[in-house]
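Below are the chains, spelled out letter by letter.
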Amino acid sequence: MKGKLEPSERQKLIEEGKNLKEALTTLEEDLVKLRDELQIEAQCIPNLTHPDVPIGWEDSSKLRNMVGSPRKFDFPIKDHLQIGKELDLFDFDAAAEVSGSKFYYLKNEAVMLEMALVNWTLTEVMKRGFTPLTTPEIVRSSVVEKCGFQPRGENTQVYSIEDSDQCLIGTAEIPVGGIHMDSIVAESALPLKYVAFSHCFRTEAGAAGTATRGLYRVHQFSKVEMFILCRQEESDMYHEKLIKIEEDLFSSLGLHFKILDMATGDLGSPAYRKFDVEAWMPGLERYGEISSASNCTDYQSRRLGIRYRPSESPSTTSKKGKTNLAATKFVHTLNATACAIPRMLVCLLENFQQEDGSVIIPHPLRPFMGGVEAIYPKSR
Amino acid sequence: MALQCRLSGATFQSLKLATIPISSSSSRFIFRTLPKTLNLALFSRHSAPKAPPFSVLIRTLSAPAVAAAPAAETSDIKVVKPQWNAAIDFKWIRDNKEAVAVNIKNRNSNANLELVLQLYDKMLNLQKEVERLRGERNNVANKMKGKLEPAERQKLIEEVFYFYGWFCELGKNLKEALTTLEEDLVKLRDELQIEAQCIPNLTHPDVPIGWEDSSKLRNMVGSPRKFDFPVKDHLQLGKELDLFDFDAAAEVSGSKFYYLKNEAVMLEMALVNWTLTEVMKRGFTPLTTPEIVRSSVVEKCGFQPRGENTQVYSIEDSDQCLIGTAEIPVGGIHMDSIVAESALPLKYVAFSHCFRTEAGAAGTATRGLYRVHQFSKVEMFILCRQEESDMYHEELIKIEEDLFSSLGLHFKILDMATGDLGAPAYRKFDVEAWMPGLERYGEISSASNCTDYQSRRLGIRYRPSESPSTTSKKGKTNVAATKFVHTLNATACAVPRMLVCLLENFQQEDGSVSIPHPLRPFMGGVEAIYPKSR
């Protein structure tokens, strides 16, 4: 139409142009809607699965490793609730009035024990090259979703803040995952290894039955979480490293536990592969999950928008002198529980109880508790 | 309508007069000229049945009509039912109304004392009427249980039928009248409660009257450090030493959120650990607390979760909130209970994360760590006998002074003026520490004596120990009346502002920051934070 035209031709073209424009607008709108629907449906597709992962449900999970063996007691043992009551270590009743069920106060030596556990765990993991962090515990719900959780789902685990798009975190994995949201990281910066301490909040909606007693299932707890961002080729290796760190930590504390390669039915959408650690809890007379290490490959990074630019090689410089930038790739992300306090307290109290009612403190924790060696019954 | 009737010829139509709604004007007209006593001689064994004085029936309903008038006024007002009731001593307020009025004015409170006094008077009157009516209803009930001689019974069958019916009607009318009055009384009590709960705590006589400028300096410790190099503020130090990240947090969570990194994490833990250890040495029981609590508990501590510009985050689809301070869950521990006097004082030191919306906070005092939505805090809380709260207030401020001096901070302690007290506090001391990067003093701590303001709301009482002389002849010990505990709270360590102080005060020319000696053992012996080589 920019060319020279006879007036009648021009008129015809104007009509055609207008029709094309309208048709285009409608199609573009349809395209947007279609993209949106495609996106929503496709985002439901779970991550791929590592070839070695057993197929099936809970019973199909494979034992990778077992460390230690159940302690033999020559006296009647108590569960952590009873020990806690006798040693005046927690109060669930007052918390039920003030806040509701599954809340608690820690008291006396339990407070020092929590701090020692956090402090020791952070110190140990820092030694292995992780950067320590504390994180926000209120985050935008979009970040929660990008990590693979569903804040608004039925039976959601996520607490939402009124009149706001914000939620409480259920794990530090979320705010740590968000640190490098929508950015391109230099390959030389990888791996990025963080160890984050935070409080975690979970509604535990839908959780019922016996596995809810005392500290085993609570709405609020302290946790030290490890998080790695790495190159794609390295995530399997870092998954092994993470589970090795967990193994070291829990062995140092003298716990007996097994490590499971979780079956496909138990993975959760983001995880390519997941190792769970279940520790022996003599008072509960069973193994209880104390930790979980997941390799999420690029599931989270595709949602959080975290990429890295592979280092350029000199041969890619073109004739014009302009360097060809290598295409970006998505990082792989991994997360692993270094220490979830309440379940760790269950383990320590139940495994290290003595006949006289006291509880021995594992050696590595003692320096972090001012040298305290045991928790003794208080004289009344 | 005919008022007089003889019962034998009476139909129940006229008796229905008694069921006219109390507040109708016609009934007031009827009730004007009537004797006061209800004559139930009808049921006396020996008296001939007579027509119950209709006037009497009506009179029993008249008294409520008088009291009903004011009740009718209040029943027009929409009264929100309080979820809980503070144990307020209304009589004391009335007997000391001048002092209460002056206090309200000094604190610039919007409590409406006049309304409280009016409502209290009305309530007292209404209560009297209700009690009187109850008495009469009981009389009627008792009389109806009375015995009649068989002969009389036979004789009176027909009339008894009427009388019985009449008394049922009377009883029923009394009952309805009573029910209405009782409802009015409840509404009146609710309104009185809501108004009275706005009345702020009393004030210690030594507290200066006025606003911020009127706060009085109690004590100053140390002096501002002299720097012979340009001083950086904590944000710059944090950036250079890679100690925090506000930018990433703004994306993930919003403004005024942050990540702590590297040595700052260890420093926070050292501060918390050291503070807890020091305060425990002074006889305080360490606690960690829930950070989600029922909103009623927040209110009972004197905060307003639903107010405009509230500091309180609420949880969606729930009556729960996030705590802004451990004072709230600790205050709730002994909610609705009676503590033995021998157990007092109860001294707690609690560590928690705290969440504040900071709605309404604007201006320069919001930079970096100075004003944030989430932070760690170690809080001291004491429950004690009434006579001892002043003493424990002094003890708390002394502990704070010791803690902050040990860290080498320069600070001043202020006796806050009436306009700055906040409803629960009888007296409040604030600690303001010198922050060279911000070039001013900033509040790092606050110690309040709330006397019985919180305990009257939380329902925390103690029973004074009994003395042997109170044992009565029957061998039953007289239990002493309970009293309300006094509660106090004081910040032992608010981590972000403490970080501001430590970073800005102990920065060195080479860009490093020295760690105060008391904290070093709690940080694995680390002596300073050094710039990282790049």
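Under an unreviewed UniProt entry, the name given to chain B is serine--tRNA ligase, and the organism recorded is Gossypium barbadense.

As annotated in an unreviewed UniProt entry, chain A carries the name serine--tRNA ligase and comes from Gossypium barbadense.

On to the interface of chain A and chain B. The interface is formed by 47 residues belonging to chain A together with 47 residues belonging to chain B. For the pairing of chain A and chain B, the buried interface totals around 4300 Å² over both sides, and the portion due to carbon and sulfur atoms is 61%. Per-residue buried area on chain A facing chain B is highest for A:V98, A:Y105 and A:E162; these three make up 14% of the total on that side. Across the contact surface, chain A and chain B share 2 salt bridges.

Right, let's talk about the UniProt feature "binding site: ATP" (unreviewed entry) in chain A for a bit. Residues and elements named next belong to chain A. Sequence positions flagged by UniProt for "binding site: ATP" (unreviewed entry) are, in local numbering, R202, T203, E204, V218, H219, Q220, F221, E289, I290, S291 and S292. Summarising the element assignment, R202 is placed in the loop between β8 (192-201) and β9 (220-230). Once you skip the residues sitting within four places of it in the chain, R202 turns out to touch Q157, Y159, G170, T171, V218, H219, F221 and K223. Inspection of the secondary structure puts E204 in the loop between β8 and β9.

Attention shifts here to the nonpolar core. Within the largest apolar cluster, 131 residues are counted, with the highest numbers of intra-cluster contacts made by A:L117, A:L255 and B:L409. Not counting residues up to four positions away in its chain, the partners in contact with A:L117 are A:L253, A:C339, A:I341, A:M344, A:L345, A:L348 and A:L365. Grouped together as the second largest cluster of nonpolar side chains are 68 residues, A:I179, B:I323, B:V330 and B:L346 included.

Once the domains are mapped, chain B shows domain 1 (90-198) and domain 2 (212-465 + 480-529). Just the C-alpha atoms count here: the centres of domain 1 of chain B and domain 2 of chain B sit 48 Å apart.

Before going further, it helps to examine the UniProt feature "site: Important for serine binding" (unreviewed entry) in chain A. Listed under "site: Important for serine binding" (unreviewed entry) in the UniProt record, and renumbered for this structure, are A:T337. Relative to the assigned elements, A:T337 resides in strand β15 (residues 332-340).

Here the bond from A:L190 into A:P191 is cis, since omega is 0°, no more than 30 degrees from zero. Tracing the backbone through its elements, the reader meets A:P191 in the loop between β7 (183-186) and β8. In this chain, B:L344 is followed by B:P345 through a cis amide linkage whose omega measures 0°. With respect to the element layout, B:P345 can be found in the loop between β7 (337-340) and β8 (346-355).

What counts as what
Residues numbered from 1 in each chain as written. Chains lettered and ligands numbered in written order. Predicted model: local features only at pLDDT ≥ 70, side-chain atom pairs only at ≥ 80, totals over all residues. Heavy atoms only, no water. Contact = heavy atoms within 4.5 Å. Buried area = accessible area lost by both parts, 1.4 Å probe. Salt bridge = Lys/Arg side-chain N within 4 Å of Asp/Glu carboxyl O. UniProt positions renumbered as here; feature names shortened; annotations may be inferred. Helix = DSSP H or I, 4+ residues; strand = E, 2+ residues; numbered from the N terminus. Core = buried A, V, L, I, M, F, W, Y, C linked by side-chain atoms within 4.5 Å. Buried < 20%, exposed > 50% of the residue type's maximum accessible area, 1.4 Å probe, protein only. Domains from an automatic or database assignment.

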